Amino acid sequence: MLNVLEMVRCTGIENSFDEIIPQTISTVVTIIKIGVPVLLVIFGMLDLGKAVMSNDEKEMKGAQTKLIKRVLYAVLIFFIFAIVQWVFGILDDNTQGENSCLNCFINNECTGDHKTKNK
């Protein structure tokens, strides 16, 4: 049975990736991990600011609830990505110090020599 983690280790010619692909995916994940929570908090603050400017108690209460929910979603999104990176880091039992494609995809630790070391 083929181990799923072995498929992304760059150990064979059929599994070697161009190094730009894992770096790009890792960069996109980092942008999502940081950008989405920041945007959620900013939009929540804008909603709260609009409600405060309108001087309507009901609207302010609704905006406060929406801001709290958005902050919780932002924290959840950030930590879900962090936990997934941590779990895959543990699953990548790379004990020989060689850089794997999995480490490159998840943590953006691409040295560029992972293809030549493992072939």
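Quick summary incoming for the structure in this document. (Residues numbered from 1 in each chain as written. Predicted model: local features only at pLDDT ≥ 70, side-chain atom pairs only at ≥ 80, totals over all residues. Heavy atoms only, no water.)

The next point concerns the overall build of the chain. Looking only at helices and strands, the chain has four helices and zero strands in total. Scanning the chain from its N terminus toward the C terminus, one meets helices and strands in the order α-α-α-α. For the chain, with 119 residues in total, the buried portion stands at 24%. Across the chain, the fraction of contacts at a sequence separation of at least 24, relative to all contacts at a separation of at least 6, is 61%. (Helix = DSSP H or I, 4+ residues; strand = E, 2+ residues; numbered from the N terminus. Buried < 20%, exposed > 50% of the residue type's maximum accessible area, 1.4 Å probe, protein only. Contact = heavy atoms within 4.5 Å.)

Locating K33 in the fold gives a position in helix α1 (residues 20-54). The class for K33 is buried, based on a relative accessible area of 13%. Those residues within four positions of K33 in sequence are excluded, and the remaining contacts are F78, F81, A82 and Q85.

This paragraph deals with the packing of α1 against helix α2 (residues 57-91). Look at α1 against α2: their axes get within 8 Å of each other, and the N-to-C directions meet at 175°. What the angle tells us is that α1 and α2 run roughly antiparallel. Here the contact of α1 with α2 is composed, by residue class, of 21 nonpolar, four polar and six charged. (Axes fitted to C-alpha atoms, helices over the stretch in contact; angles between N-to-C directions. Parallel < 35°, antiparallel > 145°, perpendicular 65-115°, else oblique. Nonpolar A, V, L, I, M, F, W, Y, C, P; charged D, E, K, R; others polar.)

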